[in-house]
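Secondary and tertiary structure notes
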Amino acid sequence: MENCDKYMKVALKEAQKAFEKEEIPVGAIIVKDGKVIAKAHNSKETSKNACGHAEILAIEKACKKLNSWRLLNCEMYVTLEPCPMCAGALINSRISKVYIGTDDEKTGACGSKLNLLEDYKFNHNVQVQKYILKEECSRNIEKIF
């Protein structure tokens, strides 16, 4: 659990960057073989792009870094539960596991509203572990409301 906290703290730093840009404060990182290979935060407002979610941007960076769309043996740490678009991207990119800080009661697709990662049979399964630094991640989101 020690490494989970360490990596989620990196994702929280990304979320803070989003907050400072007046974005929804979500941060995501991707780890492979114990090393952070991609970091991102929400940028929908600044990029004027509906796909500017932290998870999507982190996946894009990791794919570029690994020169592959298959992110095999990679794990994502994200401060807020992924939406359906991001949960689908986790499946499609072959991420092995996602660590989630806190639930998203509005659009969460990993158990809050629906569970794309566990309730359906796809060609790839993504393991889920929730509530890594839950209090810190929850407080982070509460700053905007």
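That block above? That's the structure.
Here is a short report on the structure shown in this document.

Each α-helix winds once per 3.6 residues, and so residues spaced three or four apart point in a common direction. Across its 19 residues, helix α1 (residues 2-20) extends 27 Å between first and last C-alpha, which sits within 8% of the 27 Å expected from 1.5 Å per residue. Looking only at α1, the buried set comprises Cys4, Tyr7, Met8, Ala11, Leu12, Glu14, Ala15 and Ala18. Each buried residue of α1 sits inside an arc of 160° when the element is viewed along its axis, so together they form one side. α1 presents Glu2, Lys13 and Glu20 as exposed residues on the side facing more than 90 degrees away from its buried surface. On its buried face, α1 is in contact with β1 (27-32), β2 (35-41), β3 (74-80), β4 (97-102) and α5 (134-142).

On to the sheet that holds β4. The strand order across the open sheet formed by five strands is β2-β1-β3-β4-β5, and the pairing between neighbours is mixed. The outermost strands of the open sheet, each flanked by one partner alone, are β2 and β5 (127-130). When the angles between neighbouring strand axes are averaged without regard to direction, this sheet yields 20°. In the sheet, β3 pairs with β4 via five bridges, with the strands oriented parallel. Across the sheet, residue leucine 80 finds its bridge partner in β4, namely threonine 102. Most of the contacts of helix α3 (residues 54-66) go to β2, to which it runs at about 140°, and overall it touches β1, β2 and β3.

Another aspect to go through is unusual backbone geometry. Of note, the phi angle at arginine 94 is positive, near 70°, even though the residue is not glycine. Backbone geometry at tyrosine 131 places phi at a positive 70°, although glycine is not the residue there. Turning to its location among the elements, tyrosine 131 is positioned in the loop between β5 and α5. The exposure class of tyrosine 131 is partly exposed, given its relative accessible area of 38%.

What follows is about the pairing of β2. The sheet contact formed by β1 and β2 spans six bridges and is antiparallel. For isoleucine 30, the partnering residue across the bridge sits in β2 and is alanine 38. In this antiparallel pair of consecutive strands, β1 and β2, the connection spans two residues, and aspartate 33 shows a positive phi of 55°.

Let us now look at the nonpolar core. With 33 residues, the main nonpolar core has Ile30, Ile59, Leu71, Met76, Leu90, Val98 and Leu117 as its most contacted residues. Looking at this core, the elements that each hand over two or more residues are β1, β2, α3, β3, α4 (84-93) and β4. In terms of nonpolar packing, the next biggest core, distinct from the first, is built from 12 residues, Tyr7, Ile29, Tyr77 and Ile132 among them.

Turning to the packing of α1 against α5, a few remarks are in order. α5 packs onto α1 with a crossing angle of 5° between their chain directions and a minimal axis gap of 11 Å. What the angle tells us is that α1 and α5 run roughly parallel. In this structure, α1 uses Met8, Leu12, Ala15 and Gln16 to contact α5, whose residues at the interface are Glu136, Cys137 and Asn140.

Okay, the packing of α3 against α4 next. Two elements in contact, α3 and α4, have axes whose closest approach is 9 Å; the angle formed by their N-to-C orientations is 25°. As summarised for this structure, α3 and α4 are arranged roughly parallel, according to the angle between their axes. Taken as a pair, α3 and α4 cross one another with a handedness that is left-handed. On α4, the residues touching Glu55, Ile56 and Ile59 of α3 are Met85, Cys86, Ala89, Leu90 and Ser93. Among the residues forming the contact of α3 with α4, the class breakdown is six nonpolar, one polar and one charged.

Rules used throughout
Residues numbered from 1 in each chain as written. Predicted model: local features only at pLDDT ≥ 70, side-chain atom pairs only at ≥ 80, totals over all residues. Heavy atoms only, no water. Helix = DSSP H or I, 4+ residues; strand = E, 2+ residues; numbered from the N terminus. Expected span 1.5 Å × (residues − 1). Buried < 20%, exposed > 50% of the residue type's maximum accessible area, 1.4 Å probe, protein only. Arc of directions from axis to C-beta. Contact = heavy atoms within 4.5 Å. Pairing = 2+ DSSP bridges. Axes fitted to C-alpha atoms, helices over the stretch in contact; angles between N-to-C directions. Core = buried A, V, L, I, M, F, W, Y, C linked by side-chain atoms within 4.5 Å. Parallel < 35°, antiparallel > 145°, perpendicular 65-115°, else oblique. Left-handed = near helix turned anticlockwise from the far one by under 90°. Nonpolar A, V, L, I, M, F, W, Y, C, P; charged D, E, K, R; others polar.

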